[in-house]
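# Analysis of the macromolecular model
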Amino acid sequence: LFEGSFRRNYLHVRDAADVFLFAIEHPEQLLKQQIFNVGLSSANLTKRELCEKIQKYVPEFVWHEAMVGVDSDKRDYVVSNARIEATGWKPTYSLDDGIVELIKLYQMPFESYRN
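Residues numbered from 1 in each chain as written. Predicted model: local features only at pLDDT ≥ 70, side-chain atom pairs only at ≥ 80, totals over all residues. Heavy atoms only, no water.

## With respect to the overall build of the protein chain
- When its secondary structure is counted, the protein chain shows five helices and two strands.
- When the backbone C-alpha atoms are referred to their principal axes, the protein chain occupies close to 50 × 40 × 25 Å.
- Here the protein chain displays about 8100 Å² of accessible surface, and carbon together with sulfur accounts for 58% of that area.
- Taken together, the 14 basic and 17 acidic charged side chains of the protein chain have centroids lying 2 Å from each other. (Helix = DSSP H or I, 4+ residues; strand = E, 2+ residues; numbered from the N terminus. Areas by Shrake-Rupley, 256 points an atom, 1.4 Å probe, with all protein chains shown as cover. Lys, Arg positive; Asp, Glu negative; His and termini not counted. Charge placed at Lys NZ, Arg CZ, Asp CG, Glu CD.)

The following block contains the structure:
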């Protein structure tokens, strides 16, 4: 894990798709040259906190923090999603939902992905 104390905001891919549909359906609210952060307000976590959350579901999951060098990408932020939430849109899926889905996906046999 590199720069484990850096914060990120997470969002389920279905919520990302949903907010595009919401914008198309509500152009008067969202398409007036405004900028919106779209994320999960409860998921402003450090990368280390994300690993700890994953470990609650996968106890054998381990990570190693790399203390080598300095990342030139200094993005370390808490995201406010208040503007998009004020329009009535809110994410449906929690971070835990996404973790559980990914665990199920990774447990599926590779053959399940063939056409």
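## Regarding the packing of aromatic side chains
- Applying the stated criterion across every chain, the model contains one aromatic pair.
- Taking NZ or CZ as reference, Arg83 lies 6.0 Å from the ring centre of Phe36, over its face. (Phe/Tyr/Trp six-rings, centres within 6.5 Å; stacked < 30°, edge-to-face > 60°. Lys NZ or Arg CZ within 6 Å of the ring centre and 35° of its normal.)

## A look at helix α5 (residues 95–107)
- With 13 residues, α5 should cover 18 Å at 1.5 Å per step; its first-to-last C-alpha distance of 19 Å lies within 8% of that length.
- Every buried residue of α5 is accounted for by Leu95, Gly98, Ile99 and Ile103. One side of α5 holds all its buried residues, which, seen down the axis, span an arc of 135°. Away from the buried face of α5 by more than 90 degrees, exposed residues Lys104 and Gln107 are located.
- Among the structural elements, β2 (44–46) and α3 (47–57) are those in contact with the buried residues of α5.
- Its side-chain oxygen placed 3.3 Å from the backbone nitrogen of Asp96, Ser94 serves as the N-cap of α5. (Expected span 1.5 Å × (residues − 1). Buried < 20%, exposed > 50% of the residue type's maximum accessible area, 1.4 Å probe, protein only. Arc of directions from axis to C-beta. Contact = heavy atoms within 4.5 Å. Polar contact = N/O pair within 3.5 Å; in protein donor to acceptor, adjacent residues only side chain to side chain.)

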